[in-house]
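Residue strings, one per chain:
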Amino acid sequence: MVKMIFESWDVGMRKIPFTKLLNEKAGLTLQEAKNLKDRLVDNNEIIEVEIDDEILAKEILEEAQKLKVN
């Protein structure tokens, strides 16, 4: 199990693509992905997502950075 940690976001963050990324690649439901995005953006919470595949986790983190999520 690999834990991905998203700590912050930059101005211009692409919220909808980030939500879709969590939904499609991390295997979260659309509602779960949206709730995590909201916690990160609205509450400035650090969010953690766990998945089984380490290679997929690296891909998700790289894509998230392109969407201005750190």
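A quick note: this is a predicted structure, and the numbers were derived from the prediction, not measured. (Residues numbered from 1 in each chain as written. Predicted model: local features only at pLDDT ≥ 70, side-chain atom pairs only at ≥ 80, totals over all residues. Heavy atoms only, no water.)

Caption draft 1: Spotlight on the nonpolar core. Residues Met4, Phe6, Phe18, Leu22 and Val49 are the most contacted members of the largest nonpolar core, which totals 20 residues. Contributions of two or more residues to this core are made by strand E1 (2–6), helix H1 (15–24), helix H2 (30–42), strand E2 (47–51) and helix H3 (54–66). The residues contacting Val49, other than those within four sequence positions of it, are Val2, Lys3, Met4, Phe6, Leu22, Ala26, Leu28 and Leu36. (Core = buried A, V, L, I, M, F, W, Y, C linked by side-chain atoms within 4.5 Å. Buried < 20%, exposed > 50% of the residue type's maximum accessible area, 1.4 Å probe, protein only. Helix = DSSP H or I, 4+ residues; strand = E, 2+ residues; numbered from the N terminus. Contact = heavy atoms within 4.5 Å.)

Caption draft 2: Local environment of unusual backbone geometry. The phi dihedral of Asn44 is positive, around 50 degrees, even though this residue is not glycine. Residue placement: Asn44 occurs in the loop between H2 and E2. Residues other than glycine seldom take positive phi values, yet Lys68 does so here, at roughly 70 degrees. Mapping Lys68 onto the fold places it in the segment after H3.

The values are spatial; any link to function lies outside them.
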